[in-house]
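Each chain is listed here by its residues.
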2 protein chains.
Amino acid sequence: MTATFIARHKQTILYGILLALLLFLLKWLELRLLIIHHSFEIYAGIIALLFTGVGIWLALKLSRPKVQTMVIEKEVYINNFSPFTFNEGALSQLNMSRRELDVLQLMANGLSNQEIADQLFVSLNTVKTHSARVFEKLEVKRRTQAVEKGKRMGLIP
Amino acid sequence: MTATFIARHKQTILYGILLALLLFLLKWLELRLLIIHHSFEIYAGIIALLFTGVGIWLALKLSRPKVQTMVIEKEVYINNFSPFTFNEGALSQLNMSRRELDVLQLMANGLSNQEIADQLFVSLNTVKTHSARVFEKLEVKRRTQAVEKGKRMGLIP
DNA sequence: ATCAAAATCACCCTAAAGGATGAGCCTTAT
DNA sequence: ATAAGGCTCATCCTTTAGGGTGATTTTGAT
């Protein structure tokens, strides 16, 4: 419990310690160099400036940047003349799992969900779940589109 | 409103509290060990706190929201070079009519029967009739199989 | 050891696809 | 003109596909 707290707020604690050190430094400077000849206002000003800076730095550090995604379409030409070269990149980019790919493959062979289920030794519902994920990931609505896109992308022969 | 603010600036607030605690610690040490003039340190601490806050406020108010543009390259797969040679023989041998071929073609593009109907300016029922004939002639049971076989036979690209 | 993803299955419901059959309307060849 | 084939549309019905949600178990990685 305590350990996890420390781990989670490690940065915050570090900041605190750093600040303490800064204060010590200030104290040291005060004693060593600028021996209290100067007026209180000057110290106050220095401290104010310093810690305003610290505050700004903190805010910039801690404020999380708004992430704005910009999608750029990049055309990739695929020669489907070849004896099918599997597109590893596309697969990992789409985050397609092994099983989903299996289902897509059998879909492309024209099997019904029930037939796919029988072939993979799973239930019809499972196949439906997989196919739904495939459609999501390929951003399509129907199995025919999934097959078409899958072939274009080199996921299936 | 207040809750979200707290949630959003949780770290900052935590830092503030920690800082205060550290200052108290400092003060305590000072009183215990090097009992010197208090007034200045207290003021310094207060000023430090205050202006740290000011700095944070300044940074948050004045700095434009950090926008981190994340460029995502979305690959669009395009099937370039496909030397599709139409198989006249197969078409006549199968006795496929013009309209049936149209339907098969649109099927292969992943359209639903309704979409095909809209595109060909005919009714849904008509498309169903055509597709049924296509299935008969290609000796298949499903549209996915029809598309697969149609492509293999060179009826569609 | 623990946490996240993947895989599995279920239930409910709607939409789409497919089968069977009949029928009216064109165009074309006989 | 008439028969034939193609195109169109309809109705009724069954099967399959797909969407949404939730739950459990396996597996993999840290």
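You'll find chain A entered in an unreviewed UniProt entry as Helix-turn-helix transcriptional regulator, with Mucilaginibacter galii given as the organism.

**Notes on the protein's contact with DNA strand D**
Inspection of the region around DNA strand D gives 17 residues, with A:Arg143, B:Ser97, B:Ser123, B:Asn125 and B:Thr126 positioned closest. A:Arg143 places a main-chain nitrogen or oxygen 2.9 Å from a phosphate oxygen of DNA strand D. Note that a phosphate oxygen of DNA strand D is positioned 2.9 Å from one of the side-chain N or O atoms of B:His130. Grouping the constituent residues of the surface near DNA strand D by class yields two nonpolar, nine polar and six charged.

**Regarding the nonpolar core**
Residues B:Met96, B:Leu104, B:Ile116, B:Val134, B:Leu138, B:Ala146 and B:Leu155 are the most contacted members of the largest nonpolar core, which totals 23 residues. Going through the elements one at a time, helix 4 (88-94), helix 5 (98-108), helix 6 (113-120), helix 7 (124-138) and helix 8 (143-152) of chain B are the ones with two or more residues in this core. By residue number, the principal contributor to this core is helix 5 of chain B, which donates six residues. Contacts of B:Met96, omitting those with residues within four sequence positions, involve B:Leu91, B:Leu101, B:Leu104, B:Val134, B:Lys137 and B:Leu155. One finds A:Ala117, A:Leu120, A:Val127 and A:Leu155 within the second-largest nonpolar core, a separate group that totals 22 residues.

**Re helix 7 of chain B**
All names here are of chain B. Helix length check: helix 7 (15 residues) gives 21 Å between terminal C-alpha atoms against 21 Å at 1.5 Å per residue, within 8%. Buried-residue contacts for helix 7 involve helix 4, helix 5, helix 6 and helix 8. Sitting at the amino-terminal end of helix 7 is serine 123, which places a side-chain oxygen 3.3 Å from the backbone nitrogen of asparagine 125. Two residues or fewer past helix 7, glutamate 139 is found with a positive phi of approximately 60°.

**Comments concerning empty space enclosed by the protein**
The full count for this structure, using the stated rule, is one cavity of 30 Å³ or more. Counted as a void, the largest cavity has a volume near 100 Å³. Lining the largest cavity are A:Met107, A:Ala108, A:Thr144, A:Val147, A:Glu148, A:Lys151, B:Met107, B:Ala108, B:Thr144, B:Val147, B:Glu148 and B:Lys151. Breaking the lining of the largest cavity down by element, the ones donating at least two residues are helix 5 (98-108) and helix 8 (143-152) of chain A together with helix 5 and helix 8 of chain B. Looking at the lining of the largest cavity, its residues break down into six nonpolar, two polar and four charged.

**A look at helix 8 of chain B**
Given 3.6 residues per helical turn, the α-helix brings residues three or four places apart onto the same face. For helix 8 of chain B, every residue scored as buried is listed here: B:Arg143, B:Thr144, B:Gln145, B:Ala146, B:Val147 and B:Gly150. Packed against the buried residues of helix 8 of chain B are helix 5 and helix 8 of chain A together with helix 5, helix 6 and helix 7 of chain B. Positioned one or two residues after helix 8 of chain B, B:Gly154 has a phi angle of 80°, which is positive.

**Focus: the packing of helix 5 of chain A against helix 7 (residues 124-138) of chain A**
All names here are of chain A. Their axes nearest at 9 Å, the elements helix 5 and helix 7 cross at an angle of 90°. By the criterion of interaxial angle, the relationship of helix 5 to helix 7 is roughly perpendicular. Between helix 5 and helix 7, the contacting residues are Arg99, Glu100, Val103, Leu104 and Met107 on the first element and Val127, His130, Ser131, Arg133, Val134, Phe135, Lys137 and Leu138 on the second. Of the residues assigned to the contact of helix 5 with helix 7, the class counts are seven nonpolar, two polar and four charged.

Conventions and cut-offs
- Residues numbered from 1 in each chain as written.
- Chains lettered and ligands numbered in written order.
- Predicted model: local features only at pLDDT ≥ 70, side-chain atom pairs only at ≥ 80, totals over all residues.
- Heavy atoms only, no water.
- Near = heavy atom within 4 Å.
- Polar contact = N/O pair within 3.5 Å; in protein donor to acceptor, adjacent residues only side chain to side chain.
- Nonpolar A, V, L, I, M, F, W, Y, C, P; charged D, E, K, R; others polar.
- Core = buried A, V, L, I, M, F, W, Y, C linked by side-chain atoms within 4.5 Å.
- Buried < 20%, exposed > 50% of the residue type's maximum accessible area, 1.4 Å probe, protein only.
- Helix = DSSP H or I, 4+ residues; strand = E, 2+ residues; numbered from the N terminus.
- Contact = heavy atoms within 4.5 Å.
- Expected span 1.5 Å × (residues − 1).
- 1 Å grid on protein atoms, 1.4 Å probe; cavity = no way out; pocket = protein on both sides within 12 Å on 5 of 7 lines; lining within 4 Å.
- Points joined across faces, edges and corners; volume = space filled by probe spheres on them.
- Axes fitted to C-alpha atoms, helices over the stretch in contact; angles between N-to-C directions.
- Parallel < 35°, antiparallel > 145°, perpendicular 65-115°, else oblique.

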